[in-house]
Structures are given as structure tokens and as C-alpha cells.
Amino acid sequence: MLSMSSAVVLAIAIALVAPAAAVPMNSTTLANLFINLGNQNPTASDCKTYASLFLPTGELHSPGIPDASGTDALMSACKESFSKVDPLLSFQELNIPVMSWNTEKRAAFRWTINGVRAKDGSTVSADAITGVLADSNWKIQKAWSFYDDQEIDPPTGMTEADRFVPPFDPTQLVHDYITLGAPNKGSKGTTFDCTKWAQLFTVNGTNNEPGFPPNMGLTKLEKLCNTRAAVWDLYTASAQLVLPVMAWNTNKRVVGFESLITQCRRDHPCMMSILVPELFAYWTNHTHTHT
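Residues numbered from 1 in each chain as written. Predicted model: local features only at pLDDT ≥ 70, side-chain atom pairs only at ≥ 80, totals over all residues. Heavy atoms only, no water.

Asks: Help me out: how do you make sense of the state of the cysteines in this one?
Replies: Here a disulfide denotes one covalent bond, and it connects the sulfur atoms of two cysteines. Evaluation of the coordinates by the stated rule reveals two disulfides. Bridging cysteine 47 to cysteine 78, the disulfide has an S-S length of 2.1 Å. The sign of the S-S torsion, about -80°, decides the handedness of the disulfide formed by cysteine 47 and cysteine 78: left-handed. With a gap of 31 residues between them, cysteine 47 in helix H3 (residues 47–52) and cysteine 78 in helix H4 (residues 71–84) connect regions that are remote in the sequence. When sorted by exposure, cysteine 47 lands in the same class as cysteine 78, which is buried. Between the sulfur of cysteine 194 and that of cysteine 225 lies a disulfide, 2.1 Å long from S to S. Measuring handedness by torsion sign, the sulfur bridge of cysteine 194 and cysteine 225 sits at about -75° and is left-handed. Residue cysteine 194 is located in helix H7 (residues 194–198), and its partner cysteine 225 is located in helix H8 (residues 218–231); the two are separated by 31 residues in the primary sequence. Judged on exposure class, the residue cysteine 194 and its partner cysteine 225 are both buried. (Disulfide = S-S within 2.5 Å. Helix = DSSP H or I, 4+ residues; strand = E, 2+ residues; numbered from the N terminus. Buried < 20%, exposed > 50% of the residue type's maximum accessible area, 1.4 Å probe, protein only.)

Structural data, given as C-alpha cells:
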């Protein structure tokens, strides 16, 4: 039989070697690990942990680096990102977890890239938005990040006048999208223009949002818009943040944005929602379409 002192020593020894309880994964924990490259220590990255946030077939789409899928490619993307900002201490400002129509998990978070530019020691601070699709265990299937990579790693000799100017007005695009094509931010009844809204999309452009299955094509997109418009007696929308960014291969422009929507229905209380969607925009020879 163990003496009391031996039992105490044994209990302490067990406590010291027992593994720490795993932190439950949720959208907030996932976002913190994602935006800090797998580590909360600002002087180090943990690219192995970062890659483990994804499914084996998970995909990363982020400005300034090639699209990545698979553990090796994700770890390389992580290392490349950390080589630009070191130390890195990013923080969340808004996190919105939702369940999509087919029960997969989705989350969008607004965050700030914060740290020191590695190549010249100057301070870095940039607005960012990320959207993720994840499985039931919060393993990432796809992640899209939006920020201006030229704020993070500007080309040598680049001035503010040299910065890329998109061939379309991203603010107008976001306005037309969130107001369902209405000419004004506040809309009642039939002032929505669902034909105009549907024409924001390419021929095979797809709209994905919680509560509805994906919709593709002019007819289905118009029907979706009219279904939504018919519900509300008063609908107002305003964009709080618009982030147009260039994809790594420079052939498309992505717009991430945060918007505030107020919707009122007769005999029901008004609803206010914060939305963080993303639009993928393509163009050729100064023309452009949206998906």
C-alpha cells in the first residue's frame, strides 16, 4: 500500500505527464490559429499546425502566394507568408459562424494583419477578410483570404500612384449586390431590380449563401432575388468595408466586404444582420463579369 506521501508524489507525477486537454475547435479558435499561421507566439510560426487546420484535400486561396492544396503546399504557403511579416500578431475583429443549406459549416471573419515587414523592418497593418468552408469538425475544405498584398510586401520602388486600379468600381459592385439591384440603399416593395442583380453574374456565375442551395444562371438568380425581395416590407443595406484584391496569378480580382443589412417584415420585429461575403470578379480587355 502506498504511503500518503508516496501517493501525493505519484499524483503530482501523473499530473505533470498527463497531456493537456485539447482546446475545442470552433470558428473563433480556428480563426485565431489561421490568421497567426498556427501559433499565438508572434516570433514564430507553426506551419505544421497551420496545415493541420485543413482536410488532406483542403484548399487555400490567398493574395500574394499561389493557391495551395495538400500538407506540403500548405506548409510552404505558411512559410512564405511568415517570411514577409515577422513577427506577426494578427487579431480578429468580427467572427460569423453559420451553417449552410447542406449542413456544412461556414465562417467569415474580419481581421487585421499586424506585425513588422521582414525585408525593411517597417510596421505592417492591413485590413483582411477570410471566408472558410469546413466539415463538421471544423476542418477547412476551402479558405479564401482577401487583403491588399501590396500593403504587406510592396514591390521595390512602388509608389502610391503605382498601385493597381481595378477596371471596375468595387464599391458600386458591392452596393448593387447587397441592395438587390435597387438604385437606392433604402428600398420598399418593387424598387428592387432583380434582373440587374442577376446580370451581375457571369453565365455560369453561382450564388452561395446560407438558407438557399447554390443558384446558377439568370433565371434561377432572378427567382432567388424575387423570393428574397418579396419577404421584406423595408430593406436597407450599407457596406462597412470593401476590400478589392488581386489574386496571386493577376488574372482575377476578388472583392471581400462587410455589410450591414436591416430587414423589416409586417407584423414581425425588424432584423439586423452583419454579412461578410466575397465576390469573384473576372475581366478581359477591360470588360468584366462577376461570380
